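Single-letter residue listing:
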Amino acid sequence: MQQLEIEYKILLTQDIFHQILHDYQNKITKDYIQINDYLTHPILSQKKYMLRIRTKNNQYELTLKRPYQNHRLETNLSLTETEKNLFLQYRLKNEITDILENDGIKINELQHPFSLTTHRYDIQLPEGVLSLDENTYLDQHDYELEFEVNDETQGFSQFLKIIEPYHLHYQHNCPSKVARAFEAYKNSHK
């Protein structure tokens, strides 16, 4: 399945994260932990692709995100636990492996350098899903607010209204979770 991802996100301090969580506590529709296993390859980095397997509620999803018109085009495939293990052993063929191979990425050359665990709180709003994320990766701990929307203009306007009471200033999206984790990974291997 493919979908266009339109989202606005900003890093938060621990205090502001907990304040927003408190302010929206009665509107939280989901509260869960997810683990993202990231896979790397020089061509993935060069093309600004992101490849991961997400584990959530004993379910597994393989995701490839690619740049598309100032946003990201997501390809998502549900996996069984057996398929997840086969993928990590480079022994699974599917739509995503076909895309990667067509771009010159050999599946057996993928690396799995780290995982990232997120405790996510989802709040359903008319314009989209507001998520508060507490992330742990390598020796890092950070907090993020993410607003995934269907309509770019209405979503952006609502995002600004959401962050305004907290005196947050938005210029552009903060680096993605995977970018922050990669930076921490590079810094830990200097």
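Data block above holds the structure.
Nothing here was measured: the structure is a model prediction, and the numbers come from that model.

Details of the sheet that holds strand β5 (residues 71–79)
With respect to topology, 8 strands assemble into a closed barrel ordered β1-β5-β4-β3-β2-β6-β7-β8, the strand pairing being antiparallel. Going from strand to strand, the sheet's axes swing by 35° on average, the running direction of each strand aside. Direction of pairing for strand β4 (residues 59–68) relative to β5: antiparallel, over a ladder of 9 bridges. Residue pairing across strands places E61 opposite S78, the latter belonging to β5. The strands touched by helix α1 (residues 14–23) within the sheet are β1 (2–12), β2 (28–40), β6 (111–125), β7 (128–137) and β8 (140–149), with β7 carrying the most contacts at an inclination of about 140°. Its contacts with the sheet place helix α5 (residues 152–163) against β1, β5, β6, β7 and β8, and it is angled at close to 135° to β8.

Observations regarding the environment of D31
Assignment of secondary structure puts D31 in strand β2. For D31 and N102, which are 71 residues apart along the polypeptide, the C-alpha to C-alpha distance reads 38 Å. Look past the residues within four positions of D31 in its chain and what remains in contact with it is H119, R120 and Y121. At 2.5 Å, the side chain of D31 forms a polar contact with the side chain of H119.

Thoughts on the nonpolar core
Judged by nonpolar contacts, the single largest core of 23 residues is most densely connected at L12, L130, L132, L145 and F159. Excluding its chain neighbours within four sequence positions, the residues that come into contact with L145 are Y8, K9, I10, L12, I20, L130, S131, L132, F159, I162 and I163.

Observations regarding the side chain of T97
Relative to the assigned elements, T97 resides in helix α4 (residues 95–102). Here T97 falls in the buried class, since its relative accessible area comes to 0%. Within polar-contact distance, the side chain of T97 engages the backbone nitrogen of N94 at 2.7 Å. Non-local contacts of T97, meaning those with residues more than four positions away in its chain, are made with F87, L92 and I107.

What about α1?
What α1 keeps buried is the set F17, I20 and L21. The buried residues of α1 occupy one face: seen down the axis, they fall within an arc of 100°. Contact partners of the buried residues in α1: β1, β2, β6, β7 and β8.

Some thoughts on the pairing of β4
Sheet topology places strand β3 (residues 50–56) next to β4; 7 bridges connect them, and they run antiparallel. Within the sheet, the bridge partner assigned to R52 lies in β4 and is T63. Where β3 folds back onto β4 in an antiparallel hairpin, the turn is made up of 2 residues, including N57, whose phi is positive at roughly 55°. Remark: 2 residues form the turn of the hairpin made by β4 and β5, two consecutive strands paired antiparallel; Q69 in that turn has positive phi of roughly 45°.

A few points about the packing of aromatic side chains
For the structure shown, the criterion picks out 10 aromatic pairs. Over the ring of Y32 we find K56; its NZ or CZ atom is 4.5 Å from the centre of that ring.

Points about the side chain of E144
Mapped onto the fold, E144 is located in strand β8. Taking relative accessible area as the criterion, E144 reaches 0% and is therefore assigned buried. Once residues within four sequence positions are removed from consideration, E144 is found in contact with K9, I10, L11, L12, S131, L132, D133, N135, C174, K177 and R180.

Considerations on the pairing of β2
The pairing of β2 with β6 spans 11 bridges and is antiparallel. Within the sheet, the bridge partner assigned to Y32 lies in β6 and is R120. Here β2 runs beside β3; their pairing, made up of 6 bridges, is antiparallel. For I35, the partnering residue across the bridge sits in β3 and is T55.

So, how was this worked out
- Residues numbered from 1 in each chain as written.
- Predicted model: local features only at pLDDT ≥ 70, side-chain atom pairs only at ≥ 80, totals over all residues.
- Heavy atoms only, no water.
- Pairing = 2+ DSSP bridges.
- Helix = DSSP H or I, 4+ residues; strand = E, 2+ residues; numbered from the N terminus.
- Axes fitted to C-alpha atoms, helices over the stretch in contact; angles between N-to-C directions.
- Contact = heavy atoms within 4.5 Å.
- Polar contact = N/O pair within 3.5 Å; in protein donor to acceptor, adjacent residues only side chain to side chain.
- Core = buried A, V, L, I, M, F, W, Y, C linked by side-chain atoms within 4.5 Å.
- Buried < 20%, exposed > 50% of the residue type's maximum accessible area, 1.4 Å probe, protein only.
- Arc of directions from axis to C-beta.
- Phe/Tyr/Trp six-rings, centres within 6.5 Å; stacked < 30°, edge-to-face > 60°.
- Lys NZ or Arg CZ within 6 Å of the ring centre and 35° of its normal.

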